[in-house]
Amino acid sequence: MQQIKIIFFDIDGTLIGMQSKHISPRTVEALHRLRANGIRLCIATGRAPVTLPDFGGAEFDAYLTFNGSLCYAGADTIYSRPINGADLQRLIQNAASLGRPVAAATRDLIAANGTDTDLADYFAIANEKPDLTADFDAVCRQPVYQLMLGCRAKDYPSILQGVSGAKIAAWWDRAVDVIPADGGKGVGIQKVLAYYGLDKSQALAFGDGNNDLEMLEAVGTGVAMANASPELKALADAVCPSVAEDGIWQYCAAHGLI
């Protein structure tokens with residue numbers, strides 16, 4: 001696998017355990033060794049830049065955030081695609097019709113117009129709480145890359161009713177990320193590969209959720225964690241041990257990447 005030049009990593013359930021909420025020393029070691037071997041490392045997450053966790057000193061070349069709606073490398077913005085204003089307002093109205101508060105995320109902050117158990121628990125996965133102090137309407141006048149709300153799969157059609165330029169990216173069964181229709185981890189990866197002048201065949205990705213389906217399709221080698229969804233495992237080229245078993249380290253060692 002020496003042709004691999006770049007690796008994309010989901011965070012929650014992939015680099016960081018959903019229960020432990022931290023990155024293991026062995027995973028940090030794998031990241032350091034990959035980088036020492038000249039492989040570029042990229043985060044590919046549904047998280048906002050402001051909620052990125054501590055990676056134990058490991059560094060990344062690029063960040064694909066908001067499920068691909070905002071991608072950057074250092075000071076360079078590689079791709080920026082916020083939700084258009086009309087769709088944003090309709091999404092907020094649709095959520096209200098379901099009795100659901102929402103959280104809107106800009107590049108620099110996240111503000112909510114309320115909270116409920118599902119939304120609070122969703123934020124808690126990233127050790128965060130919905131911020132109810134900001135002026136929500138003012139935040140929504142800025143570029144909003146992602147809208148988050150608690151819901152169930154049966155609510156998806158109601159959330160998107162009358163919306164033409166947005167779609168749902170879901171990796172948890174009690175909440176969703178709503179992103180631009182021309183966003184997604186797959187689009188983000190295409191933009192990052194073009195930025196670095198790399199081919200799909202030179203890219204590998206690790207993921208665990210259904211919002212990683214596009215990501216695994218966008219790279220030459222897609223690896224699902226053992227704790228991944230059945231849908232992702234079915235699509236993946238390989239399945240590595242779980243995040244709790246340092247699956248990334250084990251896969252990279254077994255395939256001569258470290």
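Everything in this summary refers to the structure shown in the same document. Predicted model, so just to flag it, every value in this text is computed and none were measured.

Reading the values: rules and limits
Residues numbered from 1 in each chain as written. Predicted model: local features only at pLDDT ≥ 70, side-chain atom pairs only at ≥ 80, totals over all residues. Heavy atoms only, no water. Helix = DSSP H or I, 4+ residues; strand = E, 2+ residues; numbered from the N terminus. Buried < 20%, exposed > 50% of the residue type's maximum accessible area, 1.4 Å probe, protein only. Pairing = 2+ DSSP bridges. Axes fitted to C-alpha atoms, helices over the stretch in contact; angles between N-to-C directions. Expected span 1.5 Å × (residues − 1). Arc of directions from axis to C-beta. Salt bridge = Lys/Arg side-chain N within 4 Å of Asp/Glu carboxyl O. Contact = heavy atoms within 4.5 Å.

1. A closer look at the environment of A254
- The residue A254 is located in helix 9 (residues 247–254) in this model.
- Judged by relative accessible area, A254 falls into the exposed class, the value being 64%.
- Between the C-alpha atoms of A254 and D12, which are 242 residues apart in sequence, the distance is 23 Å.

2. What about the sheet that holds strand 13 (residues 238–240)?
- Taken in spatial order, the eight strands of this open sheet run 5-4-3-2-1-11-12-13, and their pairing is mixed. Taken across any chain shown, the strands that pair with only one partner, and hence form the sheet edges, are strand 5 (76–80) and strand 13. Taken over all neighbouring pairs, the strand axes of this sheet differ in orientation by 20° on average, direction set aside.
- As paired strands, strand 1 (residues 6–9) and strand 11 (residues 203–207) are joined by four bridges and run parallel to one another. The residue of strand 11 that forms the bridge with F9 is F206.

3. Let's talk about helix 2 (residues 85–97)
- In this model, helix 2 (13 residues) spans 19 Å end to end at C-alpha, consistent with the 18 Å of a helix rising 1.5 Å per residue.
- Among the residues of helix 2, those classed as buried are D87, L88, L91, I92, N94 and A95. Down the axis of helix 2, the sector holding all buried residues measures 160°, keeping them to one side. Residues of helix 2 that are exposed and angled more than 90 degrees away from the buried face: A86, A96 and S97.

4. Topic: the pattern of salt bridges
- On inspection of all chains with the given rule, the structure shows 15 salt bridges.
- Across the salt bridge formed by D12 and R47, the nearest N and O atoms sit 2.7 Å from each other. One end of the pair, D12, is in the loop between strand 1 and helix 1 (25–36); the other, R47, is in the loop between strand 2 (40–44) and strand 3 (62–65), with 35 residues separating them in the sequence. No difference in accessibility class separates D12 from R47, as the two residues are buried.

5. Comments concerning the sheet that holds strand 10 (residues 175–180)
- Strand order in the open sheet formed by five strands is 7-6-8-10-9, with antiparallel pairing between adjacent strands. Of all strands in the sheet, those with a lone pairing partner are strand 7 (110–112) and strand 9 (166–172), marking the two edges. Here the average twist between neighbouring strands, direction ignored, is 25°.
- Where strand 6 (residues 103–105) lies against strand 7, three bridges are found, and the strand directions are antiparallel. Looking across to strand 7, one finds that A103 is bridged to A112.
- Its contacts with the sheet put helix 2 on strand 8 (146–150), strand 9 and strand 10, and the angle it makes with strand 8 is roughly 5°.

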